[in-house]
Amino acid sequence: MIAPTLLIQIHIMPELPEVETVKRGIATHIENKIIQQVSVRERRLRWEVPEQLAIILPGQRVETVTRRGKYLLLKCTLGHLLIHLGMSGRLLVVNPEVPLKKHDHVDFIFDHQQCLRYHDPRRFGCILWTTEPVEQHPLLVNLGIEPLENHALGDYLFHLARKKDIAVKKFIMDNHIVVGVGNIYANESLFSAGIHPLRPVSSINLAEFQQLGTLIQQILTTAIAQGGTTLKDFTNSEGHAGYFQQELKIYGRVGEACHCGEIIQHVKIAQRASYFCPRCQL
Ligand SMILES: [Zn+2]
(Lines give C-alpha, C1' and ligand atoms only; values in the text may rest on other atoms or scores of the structure.)
Protein backbone atom coordinates (compact mmCIF):
# COMPACT_ATOMS: atom_id res chain seq x y z
CA MET A 1 0.00 0.00 0.00
CA ILE A 2 1.33 3.40 -0.90
CA ALA A 3 1.50 5.79 2.01
CA PRO A 4 -0.38 9.06 1.71
CA THR A 5 1.39 11.90 -0.01
CA LEU A 6 2.00 14.97 2.02
CA LEU A 7 2.10 17.90 -0.30
CA ILE A 8 3.44 21.16 0.93
CA GLN A 9 2.70 23.54 -1.83
CA ILE A 10 3.74 27.12 -2.22
CA HIS A 11 2.77 29.38 -5.08
CA ILE A 12 4.26 32.62 -3.92
CA MET A 13 7.83 33.07 -2.83
CA PRO A 14 8.25 31.17 0.42
CA GLU A 15 8.51 33.53 3.36
CA LEU A 16 9.19 32.77 7.00
CA PRO A 17 5.68 31.49 7.82
CA GLU A 18 5.68 29.19 4.80
CA VAL A 19 9.12 27.84 5.70
CA GLU A 20 8.03 27.35 9.31
CA THR A 21 4.96 25.48 8.06
CA VAL A 22 7.10 23.29 5.82
CA LYS A 23 9.48 22.66 8.72
CA ARG A 24 6.64 21.44 10.95
CA GLY A 25 5.13 19.46 8.11
CA ILE A 26 8.27 17.52 7.22
CA ALA A 27 9.63 17.17 10.78
CA THR A 28 6.91 14.74 11.82
CA HIS A 29 7.79 12.49 8.88
CA ILE A 30 11.59 12.51 8.86
CA GLU A 31 12.85 13.24 12.37
CA ASN A 32 14.64 10.23 13.84
CA LYS A 33 14.54 8.45 10.50
CA ILE A 34 17.59 7.13 8.70
CA ILE A 35 18.49 8.22 5.21
CA GLN A 36 18.94 5.24 2.94
CA GLN A 37 19.68 6.82 -0.40
CA VAL A 38 20.08 10.22 -2.04
CA SER A 39 19.27 10.82 -5.71
CA VAL A 40 20.32 14.08 -7.28
CA ARG A 41 18.87 14.55 -10.77
CA GLU A 42 19.73 18.22 -11.13
CA ARG A 43 22.73 19.56 -9.29
CA ARG A 44 22.51 23.13 -10.55
CA LEU A 45 20.51 24.98 -7.94
CA ARG A 46 21.55 28.41 -6.73
CA TRP A 47 24.74 26.68 -5.65
CA GLU A 48 25.67 23.19 -6.75
CA VAL A 49 24.26 20.37 -4.68
CA PRO A 50 27.43 18.73 -3.26
CA GLU A 51 28.34 15.53 -5.05
CA GLN A 52 29.36 13.86 -1.79
CA LEU A 53 25.77 13.80 -0.45
CA ALA A 54 24.91 10.51 -2.14
CA ILE A 55 27.96 8.92 -0.51
CA ILE A 56 27.98 10.40 2.98
CA LEU A 57 24.28 10.71 3.86
CA PRO A 58 23.12 7.09 3.61
CA GLY A 59 23.13 5.59 7.10
CA GLN A 60 22.84 8.97 8.81
CA ARG A 61 19.86 9.79 10.98
CA VAL A 62 17.98 13.08 10.70
CA GLU A 63 17.92 14.07 14.35
CA THR A 64 16.02 17.36 14.20
CA VAL A 65 14.50 19.74 11.68
CA THR A 66 14.80 23.39 12.67
CA ARG A 67 14.71 26.76 10.93
CA ARG A 68 16.95 29.81 10.93
CA GLY A 69 15.52 32.65 8.87
CA LYS A 70 14.30 30.96 5.72
CA TYR A 71 16.83 28.13 5.94
CA LEU A 72 15.69 24.69 6.98
CA LEU A 73 18.37 22.93 9.03
CA LEU A 74 18.32 19.15 9.07
CA LYS A 75 20.66 18.04 11.83
CA CYS A 76 22.05 14.69 10.77
CA THR A 77 24.37 12.29 12.57
CA LEU A 78 27.54 13.86 11.15
CA GLY A 79 26.56 17.38 10.13
CA HIS A 80 23.78 19.63 8.89
CA LEU A 81 21.88 19.87 5.66
CA LEU A 82 20.89 23.45 4.84
CA ILE A 83 17.90 23.75 2.56
CA HIS A 84 16.53 27.02 1.16
CA LEU A 85 13.42 27.06 -1.01
CA GLY A 86 14.50 30.09 -3.02
CA MET A 87 11.75 31.57 -5.18
CA SER A 88 9.78 28.47 -6.05
CA GLY A 89 11.08 25.53 -4.02
CA ARG A 90 8.81 22.88 -2.53
CA LEU A 91 9.43 19.93 -0.30
CA LEU A 92 7.14 16.95 -0.53
CA VAL A 93 7.03 13.86 1.62
CA VAL A 94 6.03 11.06 -0.73
CA ASN A 95 6.36 7.36 -1.18
CA PRO A 96 9.58 6.88 -3.20
CA GLU A 97 7.53 5.15 -5.91
CA VAL A 98 5.44 8.21 -6.63
CA PRO A 99 6.34 9.10 -10.25
CA LEU A 100 8.71 11.98 -10.73
CA LYS A 101 7.46 15.28 -12.07
CA LYS A 102 9.38 17.85 -13.98
CA HIS A 103 11.61 19.88 -11.65
CA ASP A 104 11.79 17.15 -8.98
CA HIS A 105 15.52 17.60 -8.54
CA VAL A 106 16.54 15.74 -5.39
CA ASP A 107 15.20 12.76 -3.40
CA PHE A 108 16.22 11.85 0.13
CA ILE A 109 14.90 8.33 0.54
CA PHE A 110 14.43 7.08 4.09
CA ASP A 111 14.43 3.58 5.45
CA HIS A 112 10.72 3.77 6.30
CA GLN A 113 9.79 4.10 2.61
CA GLN A 114 9.23 7.80 2.71
CA CYS A 115 10.99 10.20 0.46
CA LEU A 116 11.70 13.88 1.00
CA ARG A 117 11.48 15.26 -2.52
CA TYR A 118 12.83 18.67 -3.50
CA HIS A 119 11.03 20.38 -6.39
CA ASP A 120 12.10 23.77 -7.72
CA PRO A 121 11.20 25.06 -11.22
CA ARG A 122 13.29 28.22 -10.97
CA ARG A 123 16.23 26.61 -9.14
CA PHE A 124 17.01 29.59 -6.90
CA GLY A 125 16.94 27.38 -3.81
CA CYS A 126 19.86 25.44 -2.40
CA ILE A 127 20.81 22.21 -0.65
CA LEU A 128 24.15 22.39 1.13
CA TRP A 129 26.06 20.30 3.65
CA THR A 130 28.29 21.36 6.52
CA THR A 131 30.11 19.58 9.32
CA GLU A 132 31.08 22.89 10.97
CA PRO A 133 28.94 24.50 13.70
CA VAL A 134 25.92 25.41 11.63
CA GLU A 135 25.30 28.80 13.23
CA GLN A 136 28.73 29.84 11.94
CA HIS A 137 27.88 28.97 8.35
CA PRO A 138 28.54 31.94 6.05
CA LEU A 139 24.87 32.01 4.99
CA LEU A 140 23.65 32.13 8.59
CA VAL A 141 26.26 33.94 10.63
CA ASN A 142 25.17 37.46 9.69
CA LEU A 143 21.43 36.92 9.96
CA GLY A 144 19.50 39.21 12.29
CA ILE A 145 17.28 38.09 15.13
CA GLU A 146 14.34 35.74 14.84
CA PRO A 147 11.24 37.93 15.22
CA LEU A 148 9.20 35.30 17.03
CA GLU A 149 11.92 34.38 19.50
CA ASN A 150 12.54 37.93 20.63
CA HIS A 151 9.91 39.21 23.01
CA ALA A 152 11.23 42.76 22.96
CA LEU A 153 11.33 43.07 19.18
CA GLY A 154 10.17 46.71 19.19
CA ASP A 155 12.82 47.78 21.71
CA TYR A 156 15.49 46.02 19.70
CA LEU A 157 14.41 47.71 16.47
CA PHE A 158 14.21 51.09 18.18
CA HIS A 159 17.78 50.88 19.46
CA LEU A 160 19.19 49.73 16.14
CA ALA A 161 17.34 52.53 14.35
CA ARG A 162 18.87 55.38 16.36
CA LYS A 163 21.73 56.22 14.08
CA LYS A 164 20.19 55.15 10.81
CA ASP A 165 18.55 57.28 8.18
CA ILE A 166 16.67 54.81 6.03
CA ALA A 167 13.03 54.20 5.26
CA VAL A 168 11.31 52.05 7.88
CA LYS A 169 10.09 49.53 5.33
CA LYS A 170 13.62 48.89 4.06
CA PHE A 171 14.84 48.68 7.67
CA ILE A 172 12.40 46.00 8.85
CA MET A 173 12.99 43.99 5.66
CA ASP A 174 16.77 43.93 6.20
CA ASN A 175 17.73 40.34 7.05
CA HIS A 176 20.80 41.53 8.93
CA ILE A 177 18.51 43.31 11.38
CA VAL A 178 15.56 40.94 11.68
CA VAL A 179 14.84 37.89 9.55
CA GLY A 180 11.55 36.89 8.04
CA VAL A 181 9.78 40.19 7.47
CA GLY A 182 9.06 39.67 3.79
CA ASN A 183 7.44 42.22 1.55
CA ILE A 184 3.83 41.26 2.25
CA TYR A 185 4.39 41.20 6.01
CA ALA A 186 6.23 44.52 5.96
CA ASN A 187 3.38 46.17 4.05
CA GLU A 188 0.70 44.71 6.30
CA SER A 189 2.42 45.43 9.61
CA LEU A 190 3.22 49.04 8.68
CA PHE A 191 -0.39 49.60 7.64
CA SER A 192 -1.70 48.15 10.89
CA ALA A 193 0.76 50.27 12.86
CA GLY A 194 -0.22 53.43 10.96
CA ILE A 195 3.36 54.08 9.92
CA HIS A 196 4.18 55.33 6.42
CA PRO A 197 6.61 52.94 4.71
CA LEU A 198 8.93 55.77 3.64
CA ARG A 199 9.26 57.32 7.08
CA PRO A 200 12.88 57.55 8.28
CA VAL A 201 13.50 55.11 11.11
CA SER A 202 15.16 57.78 13.22
CA SER A 203 11.79 59.60 13.48
CA ILE A 204 9.94 56.61 14.91
CA ASN A 205 9.66 56.62 18.70
CA LEU A 206 9.90 53.71 21.09
CA ALA A 207 6.14 53.30 21.56
CA GLU A 208 5.62 53.19 17.80
CA PHE A 209 8.37 50.59 17.38
CA GLN A 210 6.93 48.52 20.22
CA GLN A 211 3.55 48.52 18.53
CA LEU A 212 5.13 47.69 15.17
CA GLY A 213 7.13 44.85 16.73
CA THR A 214 4.00 43.37 18.28
CA LEU A 215 2.12 43.63 14.98
CA ILE A 216 4.94 41.95 13.04
CA GLN A 217 4.84 39.08 15.54
CA GLN A 218 1.05 38.83 15.37
CA ILE A 219 0.96 38.82 11.59
CA LEU A 220 3.67 36.15 11.32
CA THR A 221 2.04 34.03 14.03
CA THR A 222 -1.35 34.23 12.33
CA ALA A 223 0.21 33.31 9.01
CA ILE A 224 1.93 30.27 10.52
CA ALA A 225 -1.31 29.20 12.21
CA GLN A 226 -3.21 29.47 8.92
CA GLY A 227 -0.50 27.56 7.08
CA GLY A 228 -0.56 24.86 9.74
CA THR A 229 -4.33 24.58 9.66
CA THR A 230 -4.44 24.27 5.91
CA LEU A 231 -1.52 21.87 5.86
CA LYS A 232 -3.69 19.20 7.43
CA ASP A 233 -6.07 19.46 4.50
CA PHE A 234 -3.23 18.86 2.11
CA THR A 235 -2.36 15.40 3.32
CA ASN A 236 -3.44 13.02 0.62
CA SER A 237 -4.07 15.71 -1.91
CA GLU A 238 -2.23 16.83 -4.98
CA GLY A 239 -1.92 20.04 -6.89
CA HIS A 240 -4.45 22.25 -5.16
CA ALA A 241 -4.18 25.98 -5.00
CA GLY A 242 -1.55 27.34 -2.66
CA TYR A 243 -2.41 27.18 0.99
CA PHE A 244 -1.23 30.60 1.71
CA GLN A 245 -4.37 32.60 1.27
CA GLN A 246 -4.64 35.15 3.97
CA GLU A 247 -6.60 38.29 4.16
CA LEU A 248 -4.44 41.19 3.09
CA LYS A 249 -5.50 44.65 4.18
CA ILE A 250 -3.15 46.71 2.03
CA TYR A 251 -0.84 44.54 -0.08
CA GLY A 252 -1.74 44.54 -3.78
CA ARG A 253 -4.71 46.85 -3.33
CA VAL A 254 -3.53 49.94 -5.17
CA GLY A 255 -6.44 52.08 -6.37
CA GLU A 256 -8.91 50.47 -3.96
CA ALA A 257 -10.41 52.38 -1.08
CA CYS A 258 -8.95 52.00 2.40
CA HIS A 259 -11.48 51.50 5.22
CA CYS A 260 -11.08 55.24 5.87
CA GLY A 261 -12.26 56.02 2.32
CA GLU A 262 -8.88 57.22 1.02
CA ILE A 263 -7.47 55.57 -2.11
CA ILE A 264 -4.56 53.18 -1.47
CA GLN A 265 -1.35 54.27 -3.15
CA HIS A 266 1.72 52.48 -4.41
CA VAL A 267 5.41 53.30 -4.39
CA LYS A 268 8.58 51.28 -4.99
CA ILE A 269 11.01 51.11 -2.09
CA ALA A 270 14.26 49.25 -2.74
CA GLN A 271 12.64 47.70 -5.86
CA ARG A 272 9.81 46.24 -3.78
CA ALA A 273 6.14 47.06 -4.23
CA SER A 274 4.94 49.13 -1.32
CA TYR A 275 1.32 50.04 -0.61
CA PHE A 276 0.04 52.61 1.82
CA CYS A 277 -2.92 54.74 2.78
CA PRO A 278 -1.91 58.41 2.80
CA ARG A 279 -4.47 59.15 5.51
CA CYS A 280 -3.93 56.20 7.88
CA GLN A 281 -0.14 55.97 7.62
CA LEU A 282 1.93 58.94 8.73
ZN1 LIG B 1 -6.84 54.73 5.33
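Model, not experiment: these values are computed from the prediction.

Reading the values: the criteria
Residues numbered from 1 in each chain as written. Predicted model: local features only at pLDDT ≥ 70, side-chain atom pairs only at ≥ 80, totals over all residues. Heavy atoms only, no water. Helix = DSSP H or I, 4+ residues; strand = E, 2+ residues; numbered from the N terminus. Buried < 20%, exposed > 50% of the residue type's maximum accessible area, 1.4 Å probe, protein only. Contact = heavy atoms within 4.5 Å. Donors = N, O, S within 2.8 Å, 3.2 Å for Na, K, Ca; no water. Tetrahedral: all angles 85-135°; square planar, octahedral: opposite > 155°, others 65-115°. 1 Å grid on protein atoms, 1.4 Å probe; cavity = no way out; pocket = protein on both sides within 12 Å on 5 of 7 lines; lining within 4 Å. Points joined across faces, edges and corners; volume = space filled by probe spheres on them. Nonpolar A, V, L, I, M, F, W, Y, C, P; charged D, E, K, R; others polar. Pairing = 2+ DSSP bridges. pLDDT = per-residue confidence, 0-100. Polar contact = N/O pair within 3.5 Å; in protein donor to acceptor, adjacent residues only side chain to side chain. Expected span 1.5 Å × (residues − 1). Phe/Tyr/Trp six-rings, centres within 6.5 Å; stacked < 30°, edge-to-face > 60°.

1. Quick notes on the environment of Leu-157
Move 1: With respect to the element layout, Leu-157 can be found in helix H3 (residues 153-161).
Move 2: Taking the relative accessible area as the measure of exposure, Leu-157 reaches 0% and is therefore buried.
Move 3: Along the backbone, Leu-157 and Gln-210 are 53 residues apart, and their C-alpha atoms lie at a distance of 8.4 Å.
Move 4: Sequence-distant contacts of Leu-157, defined by excluding residues within four places in its chain, comprise Phe-171, Ile-172, Ile-177, Val-178 and Phe-209.

2. Examining the coordination of the zinc ion
Move 1: Coordination sphere of the zinc ion, protein contribution only: Cys-258 (SG), Cys-260 (SG), Cys-277 (SG) and Cys-280 (SG), at 2.2 to 2.4 Å.
Move 2: Taken together, the 4 donor atoms surrounding the zinc ion define angles of 102 to 114 degrees at the centre, an arrangement classified as tetrahedral.
Move 3: Expressed as a motif, the donor residue spacing for the zinc ion is C-x1-C-x16-C-x2-C. With Cys-260 in the loop between helix H6 (206-234) and strand S10 (265-269) and Cys-277 in the segment after strand S11 (272-276), this residue pair connects regions lying 17 residues apart in the sequence.

3. Some thoughts on the layout of surface pockets
Move 1: There is about 680 Å³ of room inside the largest pocket.
Move 2: In terms of lining residues, the largest pocket is bounded by 26 residues, among which Met-13, Arg-46, Lys-70, His-84 and Asn-175 are the most central.
Move 3: Residue composition of the lining of the largest pocket, by class: 12 nonpolar, 9 polar and 5 charged.

4. Observations regarding unusual backbone geometry
Move 1: Although it is not a glycine, Ala-270 sits at a positive phi angle of roughly 50 degrees.
Move 2: With respect to the helices, strands and loops of the structure, Ala-270 is situated in the loop between S10 and S11.
Move 3: With a relative accessible area of 43%, Ala-270 lands in the partly exposed category.

5. Quick look at the pairing of strand S7 (residues 104-110)
Move 1: Burial runs high along S7: 7 of the 7 residues are buried.
Move 2: Pairing of strand S2 (residues 33-40) with S7, which is carried by 5 bridges, proceeds in the antiparallel orientation. Along S7, the bridge assignment pairs Gln-37 with Ile-109.
Move 3: In this sheet, strand S8 (residues 115-119) lies alongside S7 in antiparallel orientation, the contact comprising 5 bridges. Residue pairing for S8: Phe-108 is matched across the bridge by Leu-116.
Move 4: The turn linking S7 back onto S8 is made up of 4 residues, and Gln-113 within it adopts a positive phi angle of 60 degrees.

6. Notes on the confidence of the model for the chain
Move 1: Counting all residues, the mean pLDDT for the chain is 89, and 89% of those residues have values of 70 or more.
Move 2: In this model, residues 1-11 is a region of pLDDT below 50 whose contacts with residues beyond four sequence positions or in other chains number 46 contacts.
Move 3: Across residues 231-243, where pLDDT falls below 50, the model places 33 contacts with residues more than four positions away in sequence or in other chains.

7. Some remarks on helix H5 (residues 183-193)
Owing to its 3.6 residues per turn, the α-helix aligns residues three or four sequence positions apart on the same side.
Move 1: Of all 11 residues in H5, 10 are buried; the element is thus mostly enclosed.
Move 2: When we look at burial in H5, the residues that qualify are Asn-183, Ile-184, Tyr-185, Ala-186, Asn-187, Glu-188, Ser-189, Leu-190, Phe-191 and Ala-193.

8. Examining the side chain of Arg-67
Move 1: Relative to the helices and strands, Arg-67 is located in strand S3 (residues 61-68).
Move 2: Taking relative accessible area as the criterion, Arg-67 reaches 13% and is therefore assigned buried.
Move 3: A polar side-chain atom of Arg-67 sits 2.6 Å from a polar atom in the side chain of Glu-20.
Move 4: A distance of 2.9 Å separates a polar atom in the side chain of Arg-67 from the backbone oxygen of Gly-69.
Move 5: Ignoring sequence-local partners within four residues, the contact set of Arg-67 consists of Leu-16, Val-19, Glu-20, Lys-23 and Glu-146.

9. A short note on helix H1 (residues 16-30)
Move 1: Along its 15 residues, H1 runs 20 Å from first to last C-alpha, staying within 8% of the 21 Å computed at 1.5 Å per residue.
Move 2: Counting buried positions along H1 gives 12 out of 15 residues, so the element sits mostly inside the fold.
Move 3: Regarding H1, the residues found buried are Leu-16, Pro-17, Glu-18, Val-19, Glu-20, Thr-21, Val-22, Lys-23, Gly-25, Ile-26, Ala-27 and Ile-30.
Move 4: A positive phi of about 70 degrees marks Asn-32, the residue just after H1.

10. Description of the packing of aromatic side chains
Move 1: In the structure shown here, the tally under the stated rule is 3 aromatic pairs.
Move 2: Ring plane angle 70 degrees and centroid distance 6.4 Å describe the contact between Phe-158 and Phe-209, whose orientation is recorded as edge-to-face. With Phe-158 in helix H3 and Phe-209 in helix H6, this residue pair connects regions lying 51 residues apart in the sequence. The exposure classification of Phe-158 matches that of Phe-209, with both residues buried.
Move 3: Look at Tyr-251 and Tyr-275: their rings are 5.3 Å apart centre to centre, the planes differ by 70 degrees, and that puts the pair in the edge-to-face class. On the criterion of sequence distance, the pair formed by Tyr-251 in the loop between H6 and S10 and Tyr-275 in strand S11 is long-range, its members being 24 residues apart.
Move 4: Grouped by ring-pair contacts, the aromatic residues Phe-158, Phe-171 and Phe-209 constitute a single cluster.

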